[in-house]
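Survey of secondary and tertiary structure
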Amino acid sequence: MSDESRLFRTAAVVPAAGRGVRLGPGAPKALRTLSGTPMLIHAVRAMAASRAVSLVVVVAPPDGATEVKNLLAEHALPQGPPHGTDVLVVPGGETRQESVKLGLDALPPGFDAVLVHDAARPLVPVDTVDAVIEAVRDGAPAVVPALPLADTVKQVEPSEDGSPEPVVATPERARLRAVQTPQGFDHDTLVRAHETVTDNVTDDASMIEQLGLTVVVVPGHEEAFKVTRPLDLVLAEAVLARRRANDGF
Ligand code: CTP
Ligand code: MG
């Protein structure tokens, strides 16, 4: 990415306020370590790795902002011109959507683009981050990295009483994509979406869809998977071990 891209000011909001219920009991998910380093620190480094990102806003667990500030101080990012990255910490909310909104509210003026990146996707490669930013810079109001699905997906009628759920439809797999983060947005469009869309959503791009605007897809990456269940921790540490081994060559 050229130095000129710096003129297109980009910030990243990193929601990290979730409990991590599906990962099981323990510290909030973003504070759990992967190969000795908190997941959140990996995620912040992944954003700061892009030369285009000049500010990262971390949305901490509601009662964990001080702990997160301390962790960030312990694991300082490379600083200084020309490509230093500033970090802000704000406390999060009850839902991911609220947490992202609190992060957006904390952004100083002057940003053209915003990335929203789950702390739970600590290993996203910088090329994926840059591809998202590039597509926003090229004029897309919203950009999502996505991959084709391996599994066939069924739509079911959820059962209340534990009886087997009937399948009601099978969407054509070739037309489905599993969507990752960072999702990238024109700053003003994302702010407007958070002000107007009140439905509960599981990603930010769907709010842009509800505004009637087009969301575009760029290729995602298998290393941008979300750490959700215990087995994902095993996979994440294996990816880190592979990176360390490859760096050795
Ligand atoms: N998140 C957040 N604020 C919330 C809920 C979630 O900032 N109130 C963040 C999480 O910290 C995570 C991202 O949103 O980085 C994606 O959410 P998810 O993977 O569902 O994480 P958790 O909600 O923590 O996990 P679980 O749903 O298993 O409790
Ligand atoms: Mg969740």
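We now turn to the structure provided with this report. (Residues numbered from 1 in each chain as written. Chains lettered and ligands numbered in written order. Predicted model: local features only at pLDDT ≥ 70, side-chain atom pairs only at ≥ 80, totals over all residues. Heavy atoms only, no water.)

1. Things to note about the overall build of the protein
A count of helical and extended segments in the protein gives seven helices and twelve strands. Taking 2.2 N^0.38 as the reference for a compact globule, 249 residues should give roughly 18 Å; the C-alpha atoms of the protein span a radius of gyration of 18 Å, in line with that estimate. Viewed in the frame of its principal axes, the protein has a C-alpha envelope of about 60 × 40 × 40 Å. Buried positions account for 46% of the 249 residues belonging to the protein. Of the contacts formed within the protein by residues at least 6 apart in sequence, a portion of 72% connects residues at least 24 apart. When the accessible surface of the protein is totalled, it reaches about 12,800 Å², and 52% of it is carbon and sulfur. (Helix = DSSP H or I, 4+ residues; strand = E, 2+ residues; numbered from the N terminus. Rg over C-alpha atoms; globule rule 2.2 N^0.38 Å. Buried < 20%, exposed > 50% of the residue type's maximum accessible area, 1.4 Å probe, protein only. Contact = heavy atoms within 4.5 Å. Areas by Shrake-Rupley, 256 points an atom, 1.4 Å probe, with all protein chains shown as cover.)

2. Observations regarding the packing of aromatic side chains
Applying the stated rule across the entire model yields zero aromatic pairs. The cationic tip of arginine 9 hangs over the ring face of phenylalanine 111; the distance from NZ or CZ to the ring centre is 4.3 Å. (Phe/Tyr/Trp six-rings, centres within 6.5 Å; stacked < 30°, edge-to-face > 60°. Lys NZ or Arg CZ within 6 Å of the ring centre and 35° of its normal.)

3. Structural notes on the side chain of aspartate 232
With respect to the helices and strands, the residue aspartate 232 is situated in helix H7 (residues 230–247). With no salt bridge to any partner, buried aspartate 232 finds its closest opposite charge in arginine 229, at an N-O distance of 4.8 Å. Excluding anything up to four places from it in sequence, aspartate 232 contacts Phe225, Lys226 and Val227. (Lys, Arg positive; Asp, Glu negative; His and termini not counted. Salt bridge = Lys/Arg side-chain N within 4 Å of Asp/Glu carboxyl O.)

4. Considerations on the site of ligand 1
For ligand 1, the set of nearby residues contains 18 residues, the closest of which are Pro15, Ala17, Val21, Arg22 and Ser99. Between glycine 18 and ligand 1, the recorded distance is 2.9 Å, taken from a backbone N or O atom to an oxygen atom. Surface burial for ligand 1 is 87%, taken as the share of its 570 Å² of free accessible area covered by protein chains. Under a 2 Å grid-point criterion requiring more than half of the atoms, the pocket assigned to ligand 1 is the largest pocket. Taken together, the residues that form the shell around ligand 1 break down as six nonpolar, five polar and seven charged. (Near = heavy atom within 4 Å. Polar contact = N/O pair within 3.5 Å; in protein donor to acceptor, adjacent residues only side chain to side chain. 1 Å grid on protein atoms, 1.4 Å probe; cavity = no way out; pocket = protein on both sides within 12 Å on 5 of 7 lines; lining within 4 Å. Sits in = over half its atoms within 2 Å of the grid points. Nonpolar A, V, L, I, M, F, W, Y, C, P; charged D, E, K, R; others polar.)

5. A look at the nonpolar core
The biggest cluster of nonpolar side chains holds 37 residues, and the ones touching the most others in it are Leu40, Met47, Val56, Val58, Val68 and Leu115. It is helix H1 (residues 39–48) that contributes the most residues to this core, seven residues altogether. (Core = buried A, V, L, I, M, F, W, Y, C linked by side-chain atoms within 4.5 Å.)

6. Some words on the layout of surface pockets
Its volume calculated, the largest pocket comes out at about 840 Å³. For the lining of the largest pocket, the leading source of residues is helix H3 (residues 96–105), giving three residues. Here the residues of the lining of the largest pocket are counted per class, giving twelve nonpolar, eleven polar and ten charged. Roughly 530 Å³ of internal volume is contained in the second largest pocket. If you go around the second largest pocket, you meet 15 residues; those closest to its centre are Leu147, Pro148, Leu149, Ala178 and Val179. Looking at the lining of the second largest pocket, the elements with two or more residues in it are strand S7 (142–148) and strand S10 (177–179). (Points joined across faces, edges and corners; volume = space filled by probe spheres on them.)

7. Some thoughts on the environment of glutamate 67
Of note, glutamate 67 is situated in helix H2 (residues 65–74). In the structure, glutamate 67 is positioned 45 residues away from aspartate 112 in sequence and 30 Å away in space, judged by C-alpha atoms.

8. Quick word on H1
The buried fraction of H1 amounts to nine of the ten residues, a majority that puts the element mostly inside the structure. Inspection of H1 places Met39, Leu40, Ile41, His42, Ala43, Val44, Ala46, Met47 and Ala48 among the buried residues, and these make up the whole buried set.

9. Some thoughts on the pattern of salt bridges
Under the definition given, this model contains seven salt bridges. A salt bridge links aspartate 105 to lysine 101; the shortest N-O distance between them is 3.1 Å. Taken together, the residues span about one helical turn, with aspartate 105 and lysine 101 both in helix H3 at a distance of four residues. Two residues, glutamate 134 and arginine 137, come together in a salt bridge whose shortest N-O distance is 2.6 Å.

10. Some thoughts on the packing of H3 against helix H5 (residues 187–196)
Look at H3 against H5: their axes get within 11 Å of each other, and the N-to-C directions meet at 130°. If you check the angle between H3 and H5, you find them oblique. The handedness of the crossing between H3 and H5 is left-handed. On the side of H3, the interface is formed by Gln97, Val100, Lys101 and Leu104, while H5 contributes Leu190, Val191 and His194. Residues belonging to the contact of H3 with H5 are distributed by class as follows: four nonpolar, two polar and one charged. (Axes fitted to C-alpha atoms, helices over the stretch in contact; angles between N-to-C directions. Parallel < 35°, antiparallel > 145°, perpendicular 65-115°, else oblique. Left-handed = near helix turned anticlockwise from the far one by under 90°.)

Don't take any of this as a statement about function, it's just geometry.
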